[in-house]
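The chain contents come next:
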Protein chains: 2
Amino acid sequence: MGGDHGPEVVVPGVAKTLERHPEIRFLLFGLEESCAPVIARYPALREASTFIPCEVAVRMDDKPSQALRQGRYKSSMWRAIDAVKTGDADVCVSAGNTGALMAMSKFCLRTMANIERPAIAAIWPTLRGESIVLDVGATVGADAQLLIDFTMMGAAMARALFEVEKPTVGLLNIGVEEIKGQEEVKEAGRLIREAAMPSFEYYGFVEGDDLGKGTVDVVVTEGFVGNVALKTAEGTARQIAQYLRAAMSRTLLARIGYILAKGAFDRLREKMDPGKVNGGVFLGLNGIVIKSHGGADIEGFAAAVDVGYDMARNGLKAKIEQDLNLYHKRRSAIALASDDVSSN
Amino acid sequence: MGGDHGPEVVVPGVAKTLERHPEIRFLLFGLEESCAPVIARYPALREASTFIPCEVAVRMDDKPSQALRQGRYKSSMWRAIDAVKTGDADVCVSAGNTGALMAMSKFCLRTMANIERPAIAAIWPTLRGESIVLDVGATVGADAQLLIDFTMMGAAMARALFEVEKPTVGLLNIGVEEIKGQEEVKEAGRLIREAAMPSFEYYGFVEGDDLGKGTVDVVVTEGFVGNVALKTAEGTARQIAQYLRAAMSRTLLARIGYILAKGAFDRLREKMDPGKVNGGVFLGLNGIVIKSHGGADIEGFAAAVDVGYDMARNGLKAKIEQDLNLYHKRRSAIALASDDVSSN
């Protein structure tokens, strides 16, 4: 039901993913009168899915507390999340209200053992392909331990999404020489290096311009900074697109040039299109929930469903659990070793 | 002496500003052997300037503490800042080591009364023109009072630079509904609104994508976030420029289109060029110091000198002092009024 266009985008988006992955089965949750007519237009999807009519739909402008009060147990959002909890679904994908989706996901699925707070991971287009950036807004403020949790979860997600064995991970920091960055970031860096995890390669600190370069596979930061960085990049891309449009329409020669280079411009637009790499992944919960951009088009929503499929198929949750356990074992060993040293 | 190209860029940059503003007089500080031959090539500048040979030049990779130890009193950087302190100069412009420049500026000029820590303000190109964004890296972490100081200083700079009477000011925050943002930001917003300053219009919260839109004249944030946002935007602009180059050279048709639209591309490049709006302004010190981007070209360095000239000519320091005094008067009045209320 969610997103700017509701079932008119979500249903065709799911149908598109089904074309690519005919082995997937879908549970579709929503208001019957809005969804049934759209689903009817996609016979293959109707065949491969079960529609579960719901009484309530969370609105895009509901406050999270309001959504929880009015929509718990009966809204399409809640029931889709709950299907992950009961095991009926491997992953939940929604284009709905982010705050409500996170609140309901936390309430219904609870955070994983050893994880204090969940994070939202974004897939970031880079010059080298794609990177994962987290947290982009689930939490404000993070101590070193939370940054370490984010690191483990982001690295596990990179292994599930990019199918690389040992992704590179960097901590976002700032480069003005006078200041060596946030204390929390420095402390997290020291602890991560010390643990020498086999599941990823710790690169060290990265700066804002490393995001677009794709210097590392995973960039870890606190949610306020991550959210500002994400929106700043989106804003800059839109700003340049607008400059480009204005420049290309100003003179006749530029317009002719534009027509000749149209194929190239289309490829550029595709590269710059946030819809192509859509899907914020909620990490740290007992189940996988994917947040599609509310403004995503059909292709964009399908991309978010694809991400969900990759996460489920490649065992994201098990990978996170495995890494967290290993990390805590190593930390205990390091702590014991240093106790031995100090007691001698 | 500073920047990636030293006097080869700085001296011609100053000469360019002199062409635009023949009324300016310059003091040039540097090593004689590097500077004198370059200055000799610009007779008008030689006429309008005094060269002060110095023994030491701070290196781009010196640590601030090292620069202070080795360069205090005798380096070209120190002596240029000191000229502002003694009143020989109205403003100091440097393309050198940012950390060293800030450390020396603080040491030599000291922070203004009522200001706890200085900030670096960047001039940000937007769809509506230019905005001021601060702090972009002088401090890490900020309480509400520091954000209020930044607000007063940024608004005064906007009045000096854009020559508007009542600039608009926004506090950078995040928009995920669940979280209403940082406590410090909310508290600062409340206090600023309450003070109802006549010298600027408080707009409220803005998000990362408002930076490129130019929603407000001044965006206030803490230095870690501001630095990440600035570098993320620069990185995104470079990333898109590289996509564009690749797209335009891929097919013959695209290359022909590029040639026809070249004028338009040149205008686009100019819009995207950070050198065009170069010059980070150190705010909150007893004197004006401008930091040019180290990688700036001649036009870029001239832009930084132009900014310095505008700041000095339009009385930036007096404007800041005036606003701070008024703000503290208003806060005292509000505090007194609420004491009256609570004692009744």
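Residues numbered from 1 in each chain as written. Chains lettered and ligands numbered in written order. Predicted model: local features only at pLDDT ≥ 70, side-chain atom pairs only at ≥ 80, totals over all residues. Heavy atoms only, no water.

By the naming in an unreviewed UniProt entry, chain A goes by Phosphate acyltransferase and is assigned to Hoeflea phototrophica. For chain A, the Function (unreviewed entry) comment in UniProt is given as "Catalyzes the reversible formation of acyl-phosphate (acyl-PO(4)) from acyl-[acyl-carrier-protein] (acyl-ACP). This enzyme utilizes acyl-ACP as fatty acyl donor, but not acyl-CoA." Reading the Catalytic activity (unreviewed entry) entry of the UniProt record for chain A gives the comment "a fatty acyl-[ACP] + phosphate = an acyl phosphate + holo-[ACP]". (UniProt positions renumbered as here; feature names shortened; annotations may be inferred.)

**Observations regarding helix α10 (residues 223-248) of chain B**
Residues and elements named next belong to chain B. In this model α10 runs 37 Å from its N-terminal to its C-terminal C-alpha over 26 residues, within 8% of the 38 Å that 1.5 Å per residue would give. Counting buried positions along α10 yields 20 of 26 residues, so the element is predominantly enclosed. With a side-chain oxygen lying 2.7 Å from the backbone nitrogen of Phe224, the N-terminal cap of α10 falls on Glu222. (Helix = DSSP H or I, 4+ residues; strand = E, 2+ residues; numbered from the N terminus. Expected span 1.5 Å × (residues − 1). Buried < 20%, exposed > 50% of the residue type's maximum accessible area, 1.4 Å probe, protein only. Polar contact = N/O pair within 3.5 Å; in protein donor to acceptor, adjacent residues only side chain to side chain.)

**Remarks on the packing of aromatic side chains**
For the structure on display, the rule yields four aromatic pairs over all chains. With centroids separated by 5.2 Å and ring planes inclined at 70°, the aromatic side chains of B:Tyr73 and B:Trp78 adopt a geometry described as edge-to-face. Owing to a relative accessible area of 57%, B:Tyr73 belongs among the exposed residues under this scheme. Using a relative accessible area of 5% as the deciding quantity, one classes B:Trp78 as buried. Members of the aromatic cluster, connected to one another through ring pairs, are A:Tyr73, A:Trp78 and A:Phe107. (Phe/Tyr/Trp six-rings, centres within 6.5 Å; stacked < 30°, edge-to-face > 60°.)

**So, the interface of chain A and chain B**
Between chain A and chain B, the residue contacts involve 63 residues of the former and 63 residues of the latter. Carbon and sulfur atoms make up 71% of the area that chain A and chain B hide from each other, which totals about 5600 Å². The interface formed by chain A and chain B contains four salt bridges. The salt bridge partner of A:Asp209 is B:Arg238, with a shortest N-O separation of 3.3 Å. (Contact = heavy atoms within 4.5 Å. Buried area = accessible area lost by both parts, 1.4 Å probe. Salt bridge = Lys/Arg side-chain N within 4 Å of Asp/Glu carboxyl O.)

**Points about the relation of the copies chain A and chain B**
Note: a rotation about an axis with an accompanying shift along it relates these two copies of the chain. Overlaying chain A with chain B gives an RMSD of 0.0 Å, the required rotation being 180° about an axis along which the chain moves by 0.0 Å. What the rotation and shift describe, once combined, is the action of a two-fold rotation axis. Residues of chain A ranked by C-alpha distance from the rotation axis are headed by A:Gly257, positioned 1.8 Å from it. A symmetric contact is evident, with 100% of the interface residues of chain A recurring at the interface of chain B. (Least-squares fit on C-alpha atoms with pLDDT ≥ 70 in both.)

**Quick word on the domain arrangement of chain A**
How big an interface is tends to be expressed through the accessible area that disappears when the partners come together. Residue and element names in this part refer to chain A. Under the domain assignment, chain A is made up of domain 1 (1-110 + 295-313) and domain 2 (112-284 + 314-344). The centre of domain 1, based on its C-alpha atoms, is set 26 Å off from the matching centre of domain 2. Each partner contributes to the interface: domain 1 provides 17 residues, whereas domain 2 provides 20 residues. Approximately 1300 Å² of surface area, both sides summed, lies buried where domain 1 meets domain 2, with 67% of it carried by carbon and sulfur atoms. Contact with domain 2 buries surface across domain 1, with Met102, Val307 and Met311 losing the most and accounting together for 44% of the total. Across the contact surface, domain 1 and domain 2 share zero salt bridges. If you look at where domain 1 meets domain 2, you find six residue pairs in polar contact (both at pLDDT 80 or more). Looking at the side of domain 1 that touches domain 2, the elements that each hand over two or more residues are α6 (98-109) and α13 (298-313). Here the side of domain 1 that touches domain 2 gets ten residues from one element, more than from any other, and that element is α13. Here the side of domain 1 that touches domain 2 is built from residues that sort into nine nonpolar, three polar and five charged. (Domains from an automatic or database assignment. Nonpolar A, V, L, I, M, F, W, Y, C, P; charged D, E, K, R; others polar.)

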